[in-house]
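Commentary on secondary and tertiary structure
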Amino acid sequence: MPTDLTRENARASSRVSSRASAPRRRSEKSRTAIVTATRELLLERGFDGLTIEAVAARAGVGKQTIYRWWPSRPALVADVMLEDADKILASVDHTADLSADLVGWVRKLVASLTTARGLAMLRILTVACMEHEDTAVKLRAGFSAPLHDSVRARLIADGINEAAAESAADAIVGGVVYPILSGVQHYSRRRAEVTTRIIVDALTPGRWPRA
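Heads up: these notes are all about the structure in this document. Quick caveat, the model's predicted, so the values are computed rather than measured.

Here is what the cut-offs are and how they apply
Residues numbered from 1 in each chain as written. Predicted model: local features only at pLDDT ≥ 70, side-chain atom pairs only at ≥ 80, totals over all residues. Heavy atoms only, no water. Helix = DSSP H or I, 4+ residues; strand = E, 2+ residues; numbered from the N terminus. Buried < 20%, exposed > 50% of the residue type's maximum accessible area, 1.4 Å probe, protein only. Contact = heavy atoms within 4.5 Å. Core = buried A, V, L, I, M, F, W, Y, C linked by side-chain atoms within 4.5 Å. 1 Å grid on protein atoms, 1.4 Å probe; cavity = no way out; pocket = protein on both sides within 12 Å on 5 of 7 lines; lining within 4 Å. Points joined across faces, edges and corners; volume = space filled by probe spheres on them. Nonpolar A, V, L, I, M, F, W, Y, C, P; charged D, E, K, R; others polar. Axes fitted to C-alpha atoms, helices over the stretch in contact; angles between N-to-C directions. Parallel < 35°, antiparallel > 145°, perpendicular 65-115°, else oblique. Left-handed = near helix turned anticlockwise from the far one by under 90°. Phe/Tyr/Trp six-rings, centres within 6.5 Å; stacked < 30°, edge-to-face > 60°. Lys NZ or Arg CZ within 6 Å of the ring centre and 35° of its normal. Expected span 1.5 Å × (residues − 1). Bend = angle between axes of the 7 residues up to and from the residue. Polar contact = N/O pair within 3.5 Å; in protein donor to acceptor, adjacent residues only side chain to side chain. Salt bridge = Lys/Arg side-chain N within 4 Å of Asp/Glu carboxyl O.

**Brief notes about the overall build of the chain**
Across its full length, the chain holds nine helices and zero strands. Along the chain, helices (α) and strands (β) appear in the sequence α-α-α-α-α-α-α-α-α when read from the amino end. Taking all 211 residues of the chain together, the buried fraction comes to 41%. Nonlocal contacts in the chain, meaning residues at least 24 apart in sequence, comprise 66% of its contacts between residues at least 6 apart.

And the structure:
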């Protein structure tokens, strides 16, 4: 049977555990507020207009709380943008039709990047990469590289040699991203689809009927 000492030790342990969990809950709440504030301010002001002071004010935290998790403004932006990037990144389907698989993937990518939020994210990622090399490395690894590698892997799976697959993946992803950055108001999904079909046709002449 539990003694008075055992019961008191259990109560003391419970109090310690409760006190320890409270800072964790507050920290997570602060972190969520910072991420939300950063995302909102990026959409409102863009990368150049975002400041740590503005994020802190909107999140209701001190600047040191932000710097506890992120050493710089670009590092904060990178983490927030990569959270959104996860909603865009998708692997290419692997069916018997290479052209249809890649066109379908491009169609979904265009739909994501031509929304107001997707376009803002793409522009912010581009600017952030130019400001801070460490951030650029992180963004390339978390966003640019997965896009490229997904297309490259699908081409290689269909028997395209690695060198050609590498260049073709550059062309397919670039054929979506560059025109959107240049002027989304004149961009169409059909343009991306045609570009992709041209590249696939050049890699696999005579294998696929033209749509």
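Past the structure itself, the notes keep going.
**Observations concerning the nonpolar core**
If you look at the biggest cluster of nonpolar residues, it comprises 55 residues, and the most contacted ones within it are Ile66, Trp105, Leu113, Phe143, Val151 and Val176. Contributions of two or more residues to this core are made by helix 1 (4-49), helix 2 (52-59), helix 4 (73-85), helix 5 (98-113), helix 6 (116-131), helix 7 (133-157), helix 8 (162-183) and helix 9 (189-203). Of the residues forming this core, the biggest block, eight residues, is contributed by helix 8. Apart from residues lying up to four places away in sequence, Ile66 is in contact with Ile34, Ile52, Val55, Ala56, Val61 and Leu76.

**A closer look at the layout of surface pockets**
The volume enclosed by the largest pocket comes to roughly 220 Å³. Around the largest pocket, the lining residues are Leu122, Leu125, Thr126, Cys129, Leu139, Phe143, Ser144, Leu147, His148, Val173 and Val177. Mapped onto the lining of the largest pocket, the elements with two or more residues apiece are helix 6, helix 7 and helix 8. Here the element with the most residues in the lining of the largest pocket is helix 7; it accounts for five residues. Taken together, the residues of the lining of the largest pocket break down into eight nonpolar, three polar and no charged.

**Looking at the packing of helix 7 against helix 8**
Taken N-terminus to C-terminus, the directions of helix 7 and helix 8 make an angle of 135°; their axes are 8 Å apart at the nearest point. Taken together, the axes of helix 7 and helix 8 lie oblique to each other. For the pair helix 7 and helix 8, the crossing hand works out as right-handed. Two secondary-structure elements touch here, helix 7 through Leu147, His148, Val151, Arg152, Leu155 and Ile156 and helix 8 through Glu162, Ala165, Glu166, Ala168, Ala169, Asp170, Ile172 and Val173. Each residue belonging to the contact of helix 7 with helix 8 can be placed in one class, and the counts come to nine nonpolar, one polar and four charged.

**Things to note about the packing of aromatic side chains**
Counted under the stated rule, the structure contains one aromatic pair. One Lys or Arg, Arg73, reaches over the ring of Phe47 and ends 4.2 Å from the middle of that ring.

**Things to note about the packing of helix 4 against helix 6**
Packed helix pairs are specified by the crossing angle of their axes together with the interaxial distance, meaning the distance between the axes. It is the contact of helix 4 with helix 6, at a shortest axis distance of 10 Å, that shows an interaxial angle of 145°. In terms of crossing hand, the pair formed by helix 4 and helix 6 is left-handed. Taking contact as the criterion, the partners of Arg73, Pro74, Val77, Met81, Asp84 and Ala85 in helix 4 are, on helix 6, Arg117, Met121, Ile124, Leu125, Ala128 and Glu131. Each residue belonging to the contact of helix 4 with helix 6 can be placed in one class, and the counts come to eight nonpolar, no polar and four charged.

**A word on helix 8**
Here helix 8 contains 22 residues, and its C-alpha end-to-end distance of 32 Å stays within 8% of the 32 Å for a straight helix at 1.5 Å per residue. The largest bend along helix 8 measures about 35° and falls at Gly174. All buried positions along helix 8 are accounted for by Ala165, Ala168, Ala169, Ile172, Val173, Gly175, Val176, Val177, Pro179, Ile180 and Gly183. On the buried face of helix 8, the contacting elements are helix 5, helix 6, helix 7 and helix 9. With a side-chain oxygen lying 3.2 Å from the backbone nitrogen of Ala163, the N-terminal cap of helix 8 falls on Asn161.

**Notes on the pattern of salt bridges**
The tally for this structure, following the rule as stated, stands at twelve salt bridges. Its salt-bridge partner being Glu83, residue Arg39 comes within 3.4 Å of it at the nearest N-O pair. Of the two residues, Arg39 sits in helix 1 while Glu83 sits in helix 4, which places them 44 residues apart along the sequence. The class of Arg39 is buried, set by a relative accessible area of 15%. In this structure Glu83 comes out as partly exposed when scored by relative accessible area, which is 33%.

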